[in-house]
Amino acid sequence: GLTHPQDFFGLYDETTIAGSYRQLGTYHVAVLDDHDMSSRPRKERFAAHGDSLPHRYEQVAHAVGMMLTMPGVPSIYYGTEQALDGGEDYHDYGIEPDHAFIDRYIRECMFGGQFGAFGTEGCHFFNPTHPTYLRIAAIARIRNRPDSIGKALRRGHHYLRQTSYCDRPFSIPPAGELIAWAQILYTTEVLMVLNTQGVEPRGAFVTVDRSLHPAGSTLTLLYRSDWSDDQLRQPPQAETLPVQDYQGRAAVRVDLPPAGMVILSQCSNSMF
């Protein structure tokens with residue numbers, strides 16, 4: 001929530017060559033963590049320095065959730081689903097003066113093996129009940145659906161959605177507010193809304209396609225990050241949000257906890 005969302009979503013601008021390739025998604029691999037950390041100046045996981053953050057598990061899950069719900073091929077580096085937080089700051093220069101083999105701090109041992117950085121040797125960290133794991137798994141199941149909803153996430157066209165908060169005109173919001181995007185394939189729209197504010201709740205009206213969702217219709221919640229563990233595994237079938245006419249637009253009102261996320265779509269099991 002510290003950077004304007006357009007800095008990220010602008011990477012999918014179809015008026016640029018790189019953006020048009022990312023929109024196609026066929027050859028674009030999205031990576032959050034990796035052992036090379038080729039896109040970062042320091043070798044550290046996304047969750048590094050997160051011990052004091054109250055919603056770090058949700059933040060990690062939804063960073064991956066963005067990759068799972070946008071054009072491209074998502075790649076999940078092992079341990080991200082457990083919110084492992086290794087980084088080169090663990091290096092003790094008093095013991096080893098050289099800045100060498102720093103990648104070992106992001107190669108934590110997962111399954112109790114002989115190799116592990118900073119005390120992870122012999123420890124078993126894989127936990128399918130971890131809060132981050134449960135949320136990533138729930139979003140991945142939606143992406144993998146064989147129906148039009150899953151196909152829209154995998155093959156649909158990406159649209160950044162304008163929002164209105166505090167009765168302001170619709171626009172792309174600044175840092176720290178709800179950001180929304182959609183994947184549309186034929187007549188199916190899947191809407192994602194993320195609270196980029198990590199410590200406070202946020203709410204807003206979110207634009208939807210009026211031709212697909214006229215005022216008075218409903219959108220079904222496919223995922224909500226503050227569901228219980230059982231609900232994340234077996235999502236409720238009847239939770240909906242009404243589509244309203246707001247400021248002359250078709251919109252849904254979404255309220256989310258800190259770092260929260262929802263995924264919505266019309267209820268459909270149709271196949272293409």
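This text follows the structure it describes.
None of these values were measured; they are calculated from a predicted model.

Parameters and conventions
- Residues numbered from 1 in each chain as written.
- Predicted model: local features only at pLDDT ≥ 70, side-chain atom pairs only at ≥ 80, totals over all residues.
- Heavy atoms only, no water.
- Buried < 20%, exposed > 50% of the residue type's maximum accessible area, 1.4 Å probe, protein only.
- Helix = DSSP H or I, 4+ residues; strand = E, 2+ residues; numbered from the N terminus.
- Contact = heavy atoms within 4.5 Å.
- Polar contact = N/O pair within 3.5 Å; in protein donor to acceptor, adjacent residues only side chain to side chain.
- Salt bridge = Lys/Arg side-chain N within 4 Å of Asp/Glu carboxyl O.
- Pairing = 2+ DSSP bridges.
- Axes fitted to C-alpha atoms, helices over the stretch in contact; angles between N-to-C directions.

A. Spatial organisation of helix α5 (residues 148-155). Counting buried positions along α5 yields six of eight residues, so the element is predominantly enclosed. Three or more residues of α5 are buried, namely Ser148, Ile149, Gly150, Lys151, Ala152 and Leu153. On its buried side, α5 packs onto α3 (56-68), α4 (131-143), β5 (178-185), β6 (188-195), β8 (218-224) and β11 (261-265). Structurally, the start of α5 carries an N-cap: the backbone nitrogen of Ile149 is 3.2 Å from a side-chain oxygen of Asp147.

B. Fine view of the environment of Pro235. Inspection of the secondary structure assignment puts Pro235 in the loop between α6 (229-233) and β9 (240-246). For the pair Pro235 and Thr16, spaced 219 residues apart in the sequence, the C-alpha separation amounts to 38 Å. Residues in contact with Pro235, not counting those within four places in the same chain, are Leu222 and Trp227.

C. Local environment of the pattern of salt bridges. A complete count under the given rule lists 15 salt bridges for this structure. Across the salt bridge formed by Arg107 and Asp103, the nearest N and O atoms sit 3.1 Å from each other. For Asp230, the salt bridge is made with Arg233, and the minimal N-O distance between the two is 3.4 Å. Remark: Arg233 and Asp230 occur in helix α6; sequence separation between them is three residues, near one turn of the helix. Relative accessible area serves as the criterion here: at 58%, Asp230 is assigned to the exposed category. Here Arg233 falls in the partly exposed class, since its relative accessible area comes to 35%. Each member of the salt-bridge network shares a partner with another, and the members are Arg42, Glu44, Glu88 and Asp89.

D. The sheet that holds strand β4 (residues 163-164), seen in detail. Read from one edge of the open sheet, nine strands run β3-β5-β6-β11-β8-β9-β10-β7-β4, paired in antiparallel fashion. Each edge of the open sheet carries a strand with a single partner, namely β3 (157-161) and β4. Alignment of β3 against β5, held across five bridges, turns out to be antiparallel. Each bridged residue has a counterpart across the sheet, and for Tyr159 the counterpart in β5 is Ala182. Running at roughly 135° to β8, α4 makes contact with β8 and β11 of the sheet.

E. Layout of the environment of Pro74. Secondary-structure assignment places Pro74 in strand β2 (residues 73-75). Using a relative accessible area of 22% as the deciding quantity, one classes Pro74 as partly exposed. Distance in space between the C-alpha atoms of Pro74 and Val29 is 5.9 Å, their sequence separation being 45 residues. Look past the residues within four positions of Pro74 in its chain and what remains in contact with it is Ala30, Met67, Leu68 and Arg143.

F. Molecular detail of the pairing of β8. When you tally the buried positions in β8, you get six out of seven residues, the bulk of the element. Where β8 meets β11, four bridges bridge the pair, whose relative direction is antiparallel. Residue pairing for β11: Arg224 is matched across the bridge by Val262.

G. Seen up close, the pairing of β11. Most of β11 is tucked away, with five of its five residues classed as buried. Because side chains alternate across β11, one face comprises the buried residues Met261, Ile263 and Ser265, and the other comprises Val262 and Leu264, equally buried. Both β6 and β11 contribute to a ladder of five bridges, which runs antiparallel. Note that in β11 the partner of Leu191 across the bridge is Leu264.

Geometric descriptors of this kind do not, in isolation, establish any biological role.
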